[in-house]
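Survey of secondary and tertiary structure
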Amino acid sequence: PGPLFVQGGAPVRRDRFLQVLKAACQQAGIDHGQIKGHSFRIGGATFLASIGLSDAEIRCRGRWHSDAFLIYVRSVRPPPQFPAQRALASASYSR
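Okay, so let's go over this structure. Within any chain, residue numbers begin from 1 and follow the written order of that chain's sequence. Thresholds applied to this predicted model are a pLDDT of at least 70 for local features of residues and 80 or more for the giving and counting of side-chain atom pairs; totals over whole chains, interfaces and linings are not thresholded and use all residues. The basis for the side-chain values is all heavy atoms of the structure; hydrogens and waters are excluded.

Quick notes on the overall build of the protein chain
For clarity, the cut-off: Counting from the N terminus, the helices are the DSSP runs of H or I reaching at least four residues and the strands are the DSSP runs of E reaching at least two. Here, residues are in contact when the closest pair of their heavy atoms is within 4.5 Å.
Counting its secondary structure elements, the protein chain contains four helices and two strands. Across the protein chain, contacts joining residues at least 24 apart in sequence account for 55% of those joining residues at least 6 apart.

Looking at helix α2 (residues 38-50)
Under the convention used in this document: A helix is expected to span 1.5 Å for every residue after the first. Only protein chains enter the accessibility calculation, which uses a 1.4 Å probe. A residue is then buried if its area is under 20% of the maximum for its type, exposed if over 50%, and partly exposed in between.
The terminal C-alpha atoms of α2, which comprises 13 residues, lie 18 Å apart, in line with the 18 Å expected from a rise of 1.5 Å per residue. Within the sequence span of α2, burial applies to A45, T46, L48 and S50.

With respect to the pattern of salt bridges
Worth spelling out the cut-off: By convention in these notes, a salt bridge is any Lys or Arg side-chain nitrogen within 4 Å of a carboxyl oxygen on Asp or Glu.
According to the stated counting rule, one finds two salt bridges in the structure shown. The residue D15 makes a salt bridge to R13 at a minimum N-O spacing of 3.1 Å. Across the pair D67 and R59 runs a salt bridge, and its minimum N-O distance is 2.6 Å.

A few points about a nonpolar patch on the surface
Note the cut-off: For patch detection, residues must exceed 30% relative accessible area and be free of salt bridges, and they are connected within 9 Å for like charges or within 5 Å for nonpolar side chains (Val, Leu, Ile, Met, Phe, Trp, Tyr). What sets the accessible areas is the Shrake-Rupley method with a 1.4 Å probe; for residues, cover comes only from the shown protein chains.
Judged by side-chain polarity, L4, F5 and F40 come together as a nonpolar surface patch covering roughly 320 Å² of accessible area. Within the fold, F40 resides in helix α2.

Side note on the environment of S39
Looking at where S39 falls in the secondary structure, it is placed in helix α2. Assessed through its relative accessible area of 34%, S39 is described here as partly exposed. Once the C-alpha coordinates of S39 and Y72 are considered, the two residues, 33 residues apart in sequence, prove to be 9.3 Å apart.

Quick word on the packing of aromatic side chains
Selection criterion: Two rings belonging to Phe, Tyr or Trp (six-membered ring only in the last case) form a pair when the distance between their centres is within 6.5 Å. Interplanar angles under 30 degrees mark stacking, angles over 60 mark edge-to-face geometry, and anything in between is tilted.
Throughout the structure, instances matching the rule amount to three aromatic pairs. With a centroid separation of 5.0 Å and 85° between ring planes, the pair formed by F17 and F40 is classed as edge-to-face. Highlighted residues: F17 in helix α1 (residues 14-28) and F40 in helix α2, separated in sequence by 23 residues. Classification of F17 as buried rests on a relative accessible area of 17%.

Quick word on α1
In plain terms, the rule: Directions are taken from the helix axis to each C-beta atom, and the arc is the one they span.
Relative to the 21 Å expected for 15 residues at 1.5 Å per residue, α1 spans 21 Å between its end C-alpha atoms, a close match to the ideal helical length. Taken together, the buried positions of α1 are F17, L21 and C25. Summarising the axial view, the buried residues of α1 lie within an arc of 65°, below the 170-degree limit, and thus occupy one face. Positive phi shows up at G29, right after α1, with a value of about 75°.

A look at the environment of G62
As for its placement among the helices and strands, G62 is situated in the loop between α3 (55-61) and α4 (83-90). Note on G62: relative accessible area 11%, which makes it buried. The spacing of G62 and R41 is 21 residues in sequence and 7.3 Å in space, taken between C-alpha atoms.

Written as structure tokens, this is what we have:
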């Protein structure tokens, strides 16, 4: 598994991600002060847990080297299972 956001074959750097996020929020008329880059770590870990990925898979996808990701996983009602969601979540990525 690899990073979720890739540009030119390399992981998107944090500063670039935040720049694009701010521009997207502004274009959509959303207060970008309400959405932080860290929200994606929380949301990503929560989503992966909600569709049943193991702790090891979540740790790998988030590039965590410990169980620190567990503080990000929120209790939520599981989303409906769509085949494409599970396929995306379980897809293997090569570096």
